[in-house]
Amino acid sequence: KRVQPPEPSYQQKLADRYAHKGPTWRSDIWRRLNGEFADTAQDDYFFGEVNGNIVGGLWTTTPRDTRDVATLGHVFTDTAHRQKGVCDFLMQAMTQAFRDEGGQAMYLATGNPVARRIYEKYGFRLYNPPRSECDGVFQWVVSNEPHFEERYFAPAAPLRVREVVWGDLPRFEALYNCPHPWLLKDEGLNVYRDVGYESQFLSVMRAVEEQRSACLVLENARRVVVGVARLTKSDGRWSAHVATLELFVHPFYFADAAPLLQEVLDRCDALRVEVVHAYAANSDDVKSDLLLRAGFHPAAHLLRQFKVGDEMHDLLIFSRRR
């Protein structure tokens, strides 16, 4: 069966099947099943039943307005029904539906070697450099075109800056997981060159909903998210008027990042922020230049602060007063 929330008759049954997930994902699943994000995200739950019992399932989410990219997750098969082709059956149904409805690329993250073999059978290929033998981000390009990213992120005017929405999860995955020259993608969420981006989106949206953060995206004429800027307040009592700026932009749009930066910095008043800090790896020259042009000043150069592969890298800290 295929269910698109809200679907009251299956909401509790499906939620029960994901009771083993961590609290953050459980909350997200329940809210999706309740249809809370249905205005911007199309969530699909594919599952199989035997004698009225759900024995296997998976979930995909796509932006409701474009349906071009998707996130796949929450794949499971009951222990008693493994080795019977349940996951194969569901993957066939899901991939065919995604293809028929105009989907172009799908992303998933896994650390399960058995699951990896199933995904590879259906065309998923390791996308980010693996952190272990089986751990990493996988991408499935429906058309099998070898340079999908070049077409997907190709410049398309006009550009606009807007608020982040729940339907942006797959778009964030496509952007943050793509090959990129910057070592540091998001310091606050510990996203560096070979770190996948999926559950981090839930942290971003939670902070926005709690009004601790402002998150804006830069999108092109095809509604592809090509840049993200986020301003997040510090939690400490003595740093209540300090915020951190995170910035990530696709290389094709480096020259277009200034309006995105300016609009997110304009949110300082609403967040009651006086001082903004931002970070860049020592080698991320373009990011450093963007920050300097936006009025930031070098504040510190910390040696050997984070590791990518086998190498330690320096961290640059920038500061700007409102």
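In this convention, every chain numbers its residues from 1, walking through the sequence in written order. Per-residue local features are limited, in this predicted model, to residues with pLDDT of at least 70; the limit for side-chain atom pairs, both in listing and counting, is 80 or more; totals at the level of whole chains, interfaces and linings are taken over all residues. Values shown for side chains rest on all heavy atoms present in the structure; no hydrogens or waters enter the calculation.

Let's talk about the overall build of the protein
Strands here are runs of E lasting at least two residues and helices are runs of H or I lasting at least four, both read from the DSSP assignment and numbered beginning at the N terminus. Within the protein, the secondary structure is distributed over 10 helices and 16 strands. A compact globule built from 322 residues should have a C-alpha radius of gyration of about 20 Å, and the protein, at 20 Å, falls within 12% of that. Relative accessibility under 20% of the residue-type maximum defines a buried residue, over 50% an exposed one, and the middle range a partly exposed one, all with a 1.4 Å probe and only protein chains included. Counting only residues that meet the buried cut, the protein has 54% of its 322 residues in that class. The contacts in the protein between residues at least 6 apart in sequence include a share of 63% that link residues at least 24 apart. Carbon and sulfur atoms make up 49% of the accessible area of the protein, which amounts to about 14800 Å² in all. Radius of gyration here uses only the C-alpha atoms, and the compact-globule reference equals 2.2 Å multiplied by the residue count raised to the power 0.38. For this analysis, residues touch if any pair of their heavy atoms sits within 4.5 Å. We get accessible surface area from the Shrake-Rupley algorithm with a probe of 1.4 Å; when it comes to residues, only the shown protein chains can shield them.

Observations regarding the sheet that holds strand E13 (residues 242-249)
Hydrogen bonding along the main chain pairs the strands of a sheet, whether they run parallel or antiparallel. DSSP calls a pair of strands paired once it identifies at least 2 bridges connecting them. Pairing in this open sheet of seven strands is mixed, and the strands run E8-E11-E12-E13-E14-E16-E15 from one edge to the other. In this open sheet, the two edge strands, each paired with only one partner strand, are strand E8 (160-163) and strand E15 (297-308). Between one strand and the next, the sheet's axes are offset by a mean angle of 25°, whatever the strand orientation. Judged from the four bridges that link them, E13 and strand E14 (residues 275-281) form a sheet pairing that is parallel. Across the sheet, Thr-244 pairs through a bridge with His-277, a residue of E14. What counts as an axis is a line fitted to C-alpha atoms, over the stretch in contact for a helix, and the angles between N-to-C directions run from 0 to 180 degrees.

Quick look at the side chain of His-81
Structurally, His-81 is set in the loop between strand E4 (69-77) and helix H3 (86-100). N or O atoms closer than or at 3.5 Å make up a polar contact, with two conditions inside protein: a donor-capable atom paired with an acceptor-capable one, and, for residues adjacent in sequence, both atoms drawn from side chains. Separated by 3.3 Å, the side chains of His-81 and Lys-84 make a polar contact. In contact with His-81, other than residues within four places in its own chain, are Val-50, Val-55 and Val-86.

Things to note about the pattern of salt bridges
Any carboxyl oxygen of Asp or Glu within 4 Å of a side-chain nitrogen of Lys or Arg constitutes a salt bridge here. A complete count under the given rule lists 25 salt bridges for this structure. Ionic pairing is found between Asp-168 and Arg-171, a salt bridge with its closest N-O pair at 3.0 Å. What makes Asp-168 buried here is its relative accessible area of 0%. Residue classification places Arg-171 among the buried residues on the basis of a relative accessible area of 2%. Residues participating in the shared-partner salt-bridge network are Asp-65, Arg-160, Arg-162, Asp-168, Arg-171, Glu-219 and Arg-223.

Brief notes about the pairing of strand E5 (residues 105-110)
In terms of burial, E5 is a largely internal element, five of the six residues being buried. Two elements, E4 and E5, share three bridges in a ladder whose sense is parallel. Paired with Ala-70 across the bridge in E5 is Met-106. Between the parallel elements E4 and E5, the chain passes through H3 in a crossover that is right-handed. Two elements, E5 and strand E7 (residues 136-141), share six bridges in a ladder whose sense is antiparallel. Looking across to E7, one finds that Ala-109 is bridged to Val-137. Note on handedness: a clockwise path from strand one over the helix to strand two, with the strands aimed away from the viewer, defines a right-handed crossover.

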